[in-house]
Amino acid sequence: MFNKILIANRGEIALRIICACKELGIQTVAIYSEADRHALHVRFADEAVCIGPATSSESYLNIPSVISAAEITNVDAIHPGYGFLAENAHFAEVCESCGIKFIGPRSALIRLMGDKAAARAAMAEAGLPMLPGTGKLSHDPAVITMEAENIGYPVIVKAVGGGGGRGMKIVRDPAMLVNAVHLARTEANKAFHNPEVYLEKYLESPRHIEFQVLADEHGNVVHLGERECSIQRRHQKLIEEAPSTLLSAEMRQHVGTLVCQAMTRVGYTSCGTVEFLFESPERFYFMEMNTRIQVEHPVTELITRIDLLKEQILIAAGEPLPMRQDDVLWDGWSMECRINAEDPVKFTPSPGKISTFHTPGGPGVRVDSAAHTECVISPYYDSLIAKLITNGRDRRETLGRMRRALEMFVVEGVKTTLPLHRRILQDEDFIQGRLNTHFLDHYFQDSGKAAS
Ligand code: MV4
């Protein structure tokens, strides 16, 4: 087992990793930027190392600084959390070559899944259903035109180095295709330093549903069912729940089995998430795979009673999974609202000092947060200040708990997405579980759709 782990992250996920380490009897090392000197992850870790100035690129993203902190504190492993270096294959490779265990899959698998065209090819080969689409797109306008004709309009242009929606272009009119591809390449190059793009058939109003997996280093793979992530705005998820109102137990088992087979075929290890677009309860397509622990992992934890962080760490330590697929049981319902320090209308960050912070409690309520009264929400980092998660016997009870918890959540001093969540939780379509990825569009003047 690991003696000591360095946490290469901040905020709520750094605290969540510390929770898991404390329960496993593992020592923790926090790293922090000059802006985070007084942050809670620094207080709750056993040791802490300042690694640089507030700017992420000079601190949490600075590989030599992170590795140096790991070397001087003599840790066995690094947990990257989500964001920052979590899906940086080069960083995982550096850890591997320094004899520090990177808590995640091997660098080769991070690299594979980070290349969205290569991931599509690998997962198709491993048996997952795919939308009609291309590999890395040619530069020849005639070839591009022919590829789109073969797929059939509308098509969507996606960045090979992207994921999460940046640099996407929807094309409905063939006359716009070549220009859209050019624009997408330019944006992709700016955002990911990679101009490569690919085409996919565009689905008008799919649901975004993802499957959680755990795979150990001894060939055992289990799936923990799905999370419904269709409530998003500008490719940022706002609300997630488990299970999805769309899936029957039979479909869960069907998709879960395919996902486990695919993970076995590519030799995946660690926790991971396979994202799908669902066109109907029976028609679904692989979209991409995330090789990290995700923000929304608590909804799965609450209905399976499996501690995903503990399992991820134990897998990295070489332990065999303690459960088999038949041991994975789902009980009740859970939902997560992401509370961001943002203007809920303009969706612009709202940094500043929180003057009052009161979190709700009571039955079926969990709050994962590193915020507190008088804490400063820095403009340098992600604006997530808390995850409010509720669970209950069924969706109705879970929603009722979410409504009263949202009423009793007080954040003063910065603007937050709390009012938006309170509104969504009263929406009749939402209450009935009638969701798709464009659910939030009618809430805003600007349609929220990507430029097409
Ligand atoms: C799609 C899609 C429809 N068809 N792919 C990818 C990243 C995720 N954040 C959004 N993504 C989508 N990929 C195909 N083949 C629909 C979305 C999508 C979306 C697209 C444009 C504008 C807003 C959107 C909101 C949610 C999902």
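The model shown is predicted, which means the values in this text are computed figures rather than measured ones.

> Can you break down the site of the ligand residue by residue, with the values?
Taken together, 18 residues sit near the ligand, with Lys 158, Glu 200, Lys 201, Leu 203 and His 235 positioned nearest. In this structure, a nitrogen atom belonging to the ligand sits 2.7 Å away from a main-chain N or O atom of Lys 201. Take Leu 203: an N or O atom from its main chain is 2.9 Å from a nitrogen atom of the ligand. Residue assignment for the shell around the ligand shows that the elements contributing at least two residues are β6 (155-159) and β8 (197-201).

> Describe the nonpolar core, listing the residues and the values that go with them.
The nonpolar side chains of a soluble globular protein tend to be buried with one another. Ranked by internal contacts, the top residues of the largest apolar core, which has 34 residues, are Ile 231, Ile 239, Ile 339, Ile 354, Ile 424, Leu 425 and Phe 430. When residues of this core are traced back to their parent elements, those giving at least two are β11 (236-242), β14 (333-340), β19 (384-392), α12 (395-407) and α13 (418-424). Looking at which element gives the most residues to this core, the answer is α12, with 4 residues. Sequence-distant contacts of Leu 425, that is, excluding residues within four places in its chain, are made with Ile 239, Met 335, Cys 337, Leu 399, Met 402, Arg 403, Leu 406, Phe 430 and Ile 431. Counting 33 residues, the second largest nonpolar core, distinct from the first, contains Ile 103, Cys 271, Ile 306 and Ile 313.

> Describe helix α3 (residues 63-73), and please don't skip the residues or the numbers.
Within the span of α3, buried status applies to Ile 63, Ser 65, Val 66, Ile 67, Ala 69, Ala 70 and Thr 73. Against β1 (4-7), β2 (27-33), β3 (47-52), β4 (77-79) and α4 (89-97) lie the buried residues of α3. After α3 finishes, the residue Asn 74 shows a positive phi value of roughly 60°.

> Report on the sheet that holds β3, specifying residues and quantitative values.
Within the open sheet, the 5 strands sit side by side as β3-β2-β1-β4-β5. Their pairing is parallel. The sheet is open, and its two borders are formed by β3 and β5 (101-102), each paired with just one other strand. Inspection of the sheet shows β1 paired to β2 by 4 bridges, in the parallel sense. Opposite Lys 4, over in β2, you have Gln 27 as the bridge partner.

> I'd love a proper account of the domain arrangement of the protein chain, names of residues and values included.
Assigned domains within the protein chain: domain 1 (4-103), domain 2 (132-201) and domain 3 (207-449). For domain 1 and domain 2, the distance between their C-alpha centroids amounts to 36 Å.

> Give me the lowdown on the pairing of strand β13 (residues 284-290), citing residues and values where you can.
Burial of β13 is extensive: 7 of the 7 residues sit out of reach of the surface. Relative to β13, strand β12 (residues 270-278) runs antiparallel, the two being bridged by 6 bridges. Bridging across to β13, Glu 275 finds its partner in Glu 288. Hairpin connection between β12 and β13: a loop of 5 residues separates the two successive antiparallel strands.

> An account of the packing of aromatic side chains is requested, with residue identities and associated values reported.
The final tally for this structure, using the stated rule, is 12 aromatic pairs. Ring pairing ties together the aromatic residues Tyr 60, Phe 84, Tyr 380 and Tyr 381, which thus form one cluster. The ring of Trp 330 has Arg 252 sitting right over it, with the charged end atom 5.9 Å from the ring centre. The side chain of Arg 395 reaches across the aromatic face of Phe 430, ending 5.2 Å from its centre.

> Break down the sheet that holds β12 for me, citing the residues and quoting the values.
Ordered in space as β13-β12-β9-β10-β11-β14-β19-β17, the 8 strands form an open sheet in which the pairing is antiparallel. The strands lining the two open edges of the sheet, one partner per strand, are β13 and β17 (365-368). Within this sheet the neighbouring strands show an average axis-to-axis angle of 25°, counted without direction. Contacting β11, β14, β17 and β19, α12 runs over the sheet at an angle of about 140° to β19.

Reading the values: rules and limits
Residues numbered from 1 in each chain as written. Predicted model: local features only at pLDDT ≥ 70, side-chain atom pairs only at ≥ 80, totals over all residues. Heavy atoms only, no water. Near = heavy atom within 4 Å. Polar contact = N/O pair within 3.5 Å; in protein donor to acceptor, adjacent residues only side chain to side chain. Helix = DSSP H or I, 4+ residues; strand = E, 2+ residues; numbered from the N terminus. Core = buried A, V, L, I, M, F, W, Y, C linked by side-chain atoms within 4.5 Å. Buried < 20%, exposed > 50% of the residue type's maximum accessible area, 1.4 Å probe, protein only. Contact = heavy atoms within 4.5 Å. Pairing = 2+ DSSP bridges. Domains from an automatic or database assignment. Phe/Tyr/Trp six-rings, centres within 6.5 Å; stacked < 30°, edge-to-face > 60°. Lys NZ or Arg CZ within 6 Å of the ring centre and 35° of its normal. Axes fitted to C-alpha atoms, helices over the stretch in contact; angles between N-to-C directions.

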